[in-house]
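Residues per chain, in single letters:
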Amino acid sequence: MEVTAWTSMHGMVNARQERRRISRASLRRIAAFARPHRRGLALFLVLSSVTALLAVASPVLASRVVSAVVDGREASGVVRPALLIAAVAVAEAGLGLLARRLSAALGEGLILDLRTAVFDHVQRMPVAFFTRTRTGALVSRLGNDVIGAQRAFSNTLSGVVGNTVTLLVALAVMLGISWRITLLALLLLPVFVVPARRMGTRMAAMQREAAALNAAMNTQMTERFSAPGATLVKLFGRPADESAEFAARAGRVRDIGIRTAMAQSVFVTALTLVSALALALVYGLGGYHALRGSLDAGSVVALALLLTRLYAPLTALAGARVEVMSALVSFERVFEILDLEPLIAQKPDAVAVPDGPVSVEFDRVSFGYPSADKVSLASLEEVASLDARGGTRVLHEVSFRAEPGRMVALVGSSGAGKSTIAQLLPRLYDTDEGAVRIGGLDVRDLTAESIRDTVGMVTQDGHLFHESVRSNLLLARPDATEEEVWEALRRSRLDDLVAALPDGLDTIVGERGYRLSGGERQRLTIARLLLARQRVVILDEATAHLDSTSEAAVQDALAEALAGRTAVVIAHRLSTVQAADLILVVEDGRIVERGTHAELLAAGGRYEELYRTQFAAGEGAPAAV
Ligand SMILES: Nc1ncnc2c1ncn2[C@@H]1O[C@H](COP(=O)(O)OP(=O)(O)OP(=O)(O)O)[C@@H](O)[C@H]1O
Ligand SMILES: [Mg+2]
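The structure reproduced in this document is the subject of the present report. (Residues numbered from 1 in each chain as written. Chains lettered and ligands numbered in written order. Predicted model: local features only at pLDDT ≥ 70, side-chain atom pairs only at ≥ 80, totals over all residues. Heavy atoms only, no water.)

### A closer look at the side chain of Thr-447
Phase 1: Tracing the backbone shows Thr-447 in the loop between β5 (441–442) and α14 (448–454).
Phase 2: The exposure class assigned to Thr-447 is buried, which follows from its relative accessible area of 16%.
Phase 3: Ignoring anything within four residues of it in the chain, the contact list for Thr-447 reads Gln-346, Ala-350, Val-351 and Ala-352. (Helix = DSSP H or I, 4+ residues; strand = E, 2+ residues; numbered from the N terminus. Buried < 20%, exposed > 50% of the residue type's maximum accessible area, 1.4 Å probe, protein only. Contact = heavy atoms within 4.5 Å.)

### Describing the layout of surface pockets
Phase 1: Its boundaries defined by the atoms lining it, the second largest pocket holds a volume of some 700 Å³.
Phase 2: If you trace the second largest pocket, you find 33 residues lining it, with Arg-151, Gln-207, Gln-264, Glu-323 and Ser-326 closest to the centre.
Phase 3: Residue assignment for the lining of the second largest pocket shows that the elements contributing at least two residues are α5 (135–177), α7 (190–224), α9 (239–291) and α10 (297–338).
Phase 4: Among the residues making up the lining of the second largest pocket, the classes are represented as 15 nonpolar, 15 polar and three charged. (1 Å grid on protein atoms, 1.4 Å probe; cavity = no way out; pocket = protein on both sides within 12 Å on 5 of 7 lines; lining within 4 Å. Points joined across faces, edges and corners; volume = space filled by probe spheres on them. Nonpolar A, V, L, I, M, F, W, Y, C, P; charged D, E, K, R; others polar.)

### Overview of the packing of helix α2 (residues 38–71) against helix α3 (residues 76–123)
Phase 1: In contact at an axis separation of 8 Å, α2 and α3 are set at 160 degrees when each is read in the N-to-C sense. For the element pair α2 / α3, the angle class is roughly antiparallel. In this structure, the crossing between α2 and α3 has a hand that is left-handed.
Phase 2: Its residues assigned to classes, the contact of α2 with α3 comprises 25 nonpolar, six polar and two charged. (Axes fitted to C-alpha atoms, helices over the stretch in contact; angles between N-to-C directions. Parallel < 35°, antiparallel > 145°, perpendicular 65-115°, else oblique. Left-handed = near helix turned anticlockwise from the far one by under 90°.)

### Comments concerning the sheet that holds strand β1 (residues 360–368)
Phase 1: The four strands lie next to each other as β2-β1-β4-β5, forming an open sheet whose pairing is antiparallel. Since the sheet does not close on itself, it has two edges, and those belong to β2 (393–402) and β5, each with one partner. (Pairing = 2+ DSSP bridges.)

### Things to note about helix α19 (residues 548–562)
Phase 1: Given a rise of 1.5 Å per residue, 15 residues ought to cover 21 Å, and the 20 Å separating the end C-alpha atoms of α19 matches this to within 8%.
Phase 2: Among the structural elements, β3 (407–412), α16 (482–491), α18 (518–532), β7 (536–540) and β8 (566–570) are those in contact with the buried residues of α19.
Phase 3: Trailing α19 by a residue or two, Gly-564 shows a phi angle of about 80 degrees, which is positive. (Expected span 1.5 Å × (residues − 1).)

### Quick look at the pairing of β3
Phase 1: Within β3, six of the six residues are buried, which leaves it mostly tucked inside the rest of the structure.
Phase 2: Every second residue of β3 is oriented toward a common face, with Met-407, Ala-409 and Val-411 on one face and Val-408, Leu-410 and Gly-412 on the other, all of them buried.
Phase 3: Where β3 lies against strand β9 (residues 582–587), five bridges are found, and the strand directions are parallel. Following the sheet pairing, Val-408 is matched in β9 by Leu-582.

### Details of the pattern of salt bridges
Phase 1: In this structure the tally under the stated criterion is 30 salt bridges.
Phase 2: The closest approach of N and O atoms between Arg-406 and Asp-581, which form a salt bridge, is 3.8 Å. Separated by 175 residues along the polypeptide, Arg-406 in the loop between β2 and β3 and Asp-581 in the loop between β8 and β9 bring together distant segments of the chain.
Phase 3: Look at Arg-406 and you get partly exposed, because its relative accessible area is 45%.
Phase 4: Between Arg-444 and Asp-442 there is a salt bridge, with the nearest N and O atoms lying 3.0 Å from each other.
Phase 5: For Asp-442, a relative accessible area of 15% puts it in the buried group.
Phase 6: Within the structure, one salt-bridge network assembled from shared partners comprises Glu-361, Asp-363, Arg-401, Glu-403 and Arg-437. (Salt bridge = Lys/Arg side-chain N within 4 Å of Asp/Glu carboxyl O.)

### As for the packing of helix α6 (residues 179–186) against α9
Phase 1: Taken N-terminus to C-terminus, the directions of α6 and α9 make an angle of 155 degrees; their axes are 9 Å apart at the nearest point. Of the possible angle classes, the one that applies to α6 and α9 is roughly antiparallel. Here the hand of the crossing between α6 and α9 comes out right-handed. Of the residues in α9, those touching α6 at Ile-181, Leu-184 and Ala-185 are Ala-278, Leu-281, Val-282, Leu-285, Gly-286 and His-289.
Phase 2: Its residues assigned to classes, the contact of α6 with α9 shows seven nonpolar, two polar and no charged.

### A few points about the coordination of the magnesium ion (ligand 2)
Phase 1: Within the first shell, the magnesium ion (ligand 2) binds the protein through Ser-419 (OG) and Gln-460 (OE1), at distances of 1.9 to 2.4 Å. Of this pair, Ser-419 sits in helix α13 (residues 418–424) while Gln-460 is found in the loop between β6 (455–458) and α15 (469–474), placing the two residues 41 residues apart along the sequence.
Phase 2: Take Ser-419: its relative accessible area is 22%, and that puts it in the partly exposed class. (Donors = N, O, S within 2.8 Å, 3.2 Å for Na, K, Ca; no water.)

Here it is as structure tokens:
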């Protein structure tokens with residue numbers, strides 16, 4: 001028991017130290033992000049300093065007016081300072097606007113840099129990262145957190161510099177007029193500084209919780225409000241529970257919002273009160289001295305006016321501390337993502353896939369899906385800590401070779417590892433042992449771009465973006481002409497359908513293509529493949545959703561498209577793979593049989609068993625046996 005308590009306390013201390021260390025490192029990195037903008041920053045600093053000096057000038061001028069009145073001097077003694085006060089006010093306003101313009105540009109520039117950095121970085125993450133993280137949590141990092149960081153950055157920037165200068169100059173002038181009254185007025189100062197430190201830490205904690213809750217709400221929305229998610233909730237889910245869960249999170253965010261607002265306003269009110277009290281002190285004490293003749297009336301006015309110029313920046317600076325703490329939370333959440341090393345990265349000396357028809361080769365490949373701690377962040381998966389257990393082996397010493405222009409077929413039970421083999425080829429994952437080669441070169445030595453240009457794939461769950469038919473197709477080849485697009489549609493037997501759509505090629509396919517039927521969606525992904533015309537083609541159950549007639553039709557188109565290409569075809573329906581040059585039977589991550597259709601049937605093993613089962617079920621085993 002004691003041991004546990006000690007450990008957890010120790011853990012807390014460590015966490016606190018860790019937090020402080022992170023903050024300092026974060027500051028350094030924020031500075032790095034600000035570096036490209038240093039010219040604008042310097043100009044901004046100069047502008048703010050000048051504005052701050054002007055802010056101190058008018059109280060001094062006002063004191064001259066009062067002195068002139070009290071001393072009964074000529075009218076010009078009053079008019080000249082008054083005109084100067086007007087000029088100062090105009091200059092202050094103009095420069096203030098200019099400084100605001102600069103700080104906005106700097107802040108927005110920072111947000112742009114941060115956003116693009118995060119987007120670029122996330123894009124370089126391997127597929128494993130995306131299978132683990134929750135989209136909503138990720139979106140929230142790019143949205144809420146980046147904006148939080150920016151807001152605080154520009155607020156702090158415009159706040160801290162000007163206020164510090166005003167504070168120092170006002171203080172110097174005040175001390176010059178009457179150091180005794182000034183020091184007395186400053187006795188109330190600790191009231192500002194002490195609570196600000198504690199407030200900052202508390203606000204940061206609340207900020208962190210609010211950010212996590214916001215991310216959780218985002219996740220729930222992106223998952224439940226997608227077409228497939230919403231369908232699932234309608235079929236199996238409990239909408240009332242979903243709403244209750246969402247309301248609980250939203251309610252918690254509201255509570256935090258109220259507490260933050262209250263804490264802030266109590267803080268500001270207290271500070272305003274203290275400065276009002278200090279003002280009373282200056283009037284009382286200064287007036288008393290003026291009556292006794294040890295201070296002139298102008299100086300009392302100057303002291304009172306300067307005091308407001310002193311406490312206003314103090315309030316702002318104390319608030320800035322709180323804001324900086326919250327900003328650091330946002331920055332840290334953004335940096336956390338930037339720090340995640342992509343597991344799969346292109347080598348600096350990577351080369352392109354060789355020209356011409358290429359072979360595809362698996363050389364004693366063993367593979368297990370990477371564990372969570374290698375690819376992901378606990379906060380993005382919305383779990384307390386990441387699973388460090390290594391994935392179980394999915395593939396064991398898989399070896400085969402598809403000669404240039406030849407077709408290899410993979411068949412076998414569900415979960416045997418067929419799609420996994422397919423995913424290793426375009427380097428969506430890296431092998432643990434052995435090598436995957438394209439054109440005789442290890443995929444780890446090839447550039448990502450050339451792999452993309454060489455290998456085309458129709459996945460089991462053909463994905464479409466919520467865009468038009470045209471842009472979904474052009475994704476594969478942005479420079480394709482209108483005729484080429486229609487040709488691809490014609491070959492995948494979609495031309496009639498698309499021509500009949502009200503907006504034709506510009507029809508939006510809906511969330512994940514949900515406005516199309518399963519088979520239509522699949523044919524669209526085939527059309528995309530035909531358009532891309534890659535040299536190596538992987539078809540993972542590409543025709544599984546089609547009826548026999550359209551399958552036969554698409555099969556012809558595919559056969560035509562595959563001619564001369566190196567192909568890896570995965571199919572449950574054995575009728576579609578009979579023509580393959582080599583058929584591999586995969587079971588439990590191992591290749592258990594290999595040969596041509598005729599050889600495997602003759603061998604009377606697992607393939608023959610699968611074939612007989614399908615034939616008996618009447619599933620299209622033609623008489624070509
Ligand atoms: N992203 C992943 N992370 C961890 N394990 C995975 C992942 N994807 C698949 N697996 C596991 O790897 C094994 C092989 O899956 P794979 O998708 O390769 O099977 P398959 O042969 O394509 O099956 P099917 O015919 O049903 O499509 C399965 O046990 C599966 O649970
Ligand atoms: Mg599969």
